[in-house]
Amino acid sequence: LRPSTGTASSDAAALHSSTATARRSEAGDELLRHLKHRSEELFPNEESIPDGKDLDFQVSLPKRIAYGALDFAKTPVQLLISVHLLTFYQQVGASLGSIAFFTSTARCFDVLSDPLMASISDNFTSRFGRRRPFILAGVFLYGSCLFALCSPIASLSASGASSWFGFFY
């Protein structure tokens, strides 16, 4: 008996490797076709990606800045409310318990209202787009509530200050 040189086993391993690579490539191509089809279903107004061109799921920098612009405006206001206004309302006489209650109630309301508003805005159509009218209305509503939240009536009692915070928060 002669010892095996390993050529048959290495040939089999190479064949298995190339077959597995081909299967992965076919699976990857199928996945890309599925993603392209799904993207066209979900976003019919977006530009179609020509066949043969790779899907590039990168969002351009100007688009990222445009999508994030609303968050750039919201974050400093949230910082103002969560740090400075809580201290201010404590000094006015509102109890921490009521402030915590209204804050947690607002978060619970967000859990329900956010998906509801998403559904409403997804199905809304106007000449200005699906979400722009809501953003415009929200700017004025949010701005007036923030103004009222930052300037409570001076003659409010402790429970009145708590209620004022709860109503406008």
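A. Examining the packing of helix α4 (residues 132-150) against helix α5 (residues 158-168) more closely. Between α4 and α5, whose axes approach to 9 Å, the crossing angle comes to 165°. One way to sum up the angle between α4 and α5 is to call them roughly antiparallel. Relative to α5, α4 is oriented so that their crossing is left-handed. Residues C145, A148 and L149 of α4 pack against W164, F165 and F168 of α5. Residues that form the contact of α4 with α5 fall into these classes: six nonpolar, no polar and no charged.

B. Main features of the packing of helix α2 (residues 61-92) against α4. Relative orientation of the contacting elements α2 and α4 amounts to 20°, with a least axis distance of 11 Å. Relative to α4, the element α2 is oriented roughly parallel. Between α2 and α4 lies a crossing of left-handed hand. Across from L70, K74, V77, L80, I81, L85 and Y89 in α2, the residues of α4 making contact are I135, Y142, L146, A148, L149 and C150. Residues belonging to the contact of α2 with α4 are distributed by class as follows: 12 nonpolar, no polar and one charged.

C. Structural detail: the packing of aromatic side chains. The final tally for this structure, using the stated rule, is seven aromatic pairs. An angle of 80° between the planes, with centres 5.5 Å apart, marks the rings of F88 and Y89 as edge-to-face. Take F88: its relative accessible area is 32%, and that puts it in the partly exposed class. Residue class for Y89 comes out buried when judged on its relative accessible area of 0%. For the pair W164 and F168, a centre-to-centre distance of 4.8 Å together with 55° between the ring planes defines the contact as tilted. Of the two residues, W164 and F168 are both situated in helix α5; the distance of four residues between them amounts to about one turn of the helix.

D. Molecular detail of the side chain of S121. Looking at the secondary structure, you find S121 in helix α3 (residues 96-122). In this structure S121 comes out as buried when scored by relative accessible area, which is 6%. In contact with S121, not counting residues within four places along its chain, are R130, R131 and F134.

E. Molecular detail of the environment of R131. Mapped onto the fold, R131 is located in the loop between α3 and α4. Residues contacting R131, with those up to four places away along its chain left out, are S121 and D122.

What counts and what doesn't
Residues numbered from 1 in each chain as written. Predicted model: local features only at pLDDT ≥ 70, side-chain atom pairs only at ≥ 80, totals over all residues. Heavy atoms only, no water. Axes fitted to C-alpha atoms, helices over the stretch in contact; angles between N-to-C directions. Helix = DSSP H or I, 4+ residues; strand = E, 2+ residues; numbered from the N terminus. Parallel < 35°, antiparallel > 145°, perpendicular 65-115°, else oblique. Left-handed = near helix turned anticlockwise from the far one by under 90°. Contact = heavy atoms within 4.5 Å. Nonpolar A, V, L, I, M, F, W, Y, C, P; charged D, E, K, R; others polar. Phe/Tyr/Trp six-rings, centres within 6.5 Å; stacked < 30°, edge-to-face > 60°. Buried < 20%, exposed > 50% of the residue type's maximum accessible area, 1.4 Å probe, protein only.

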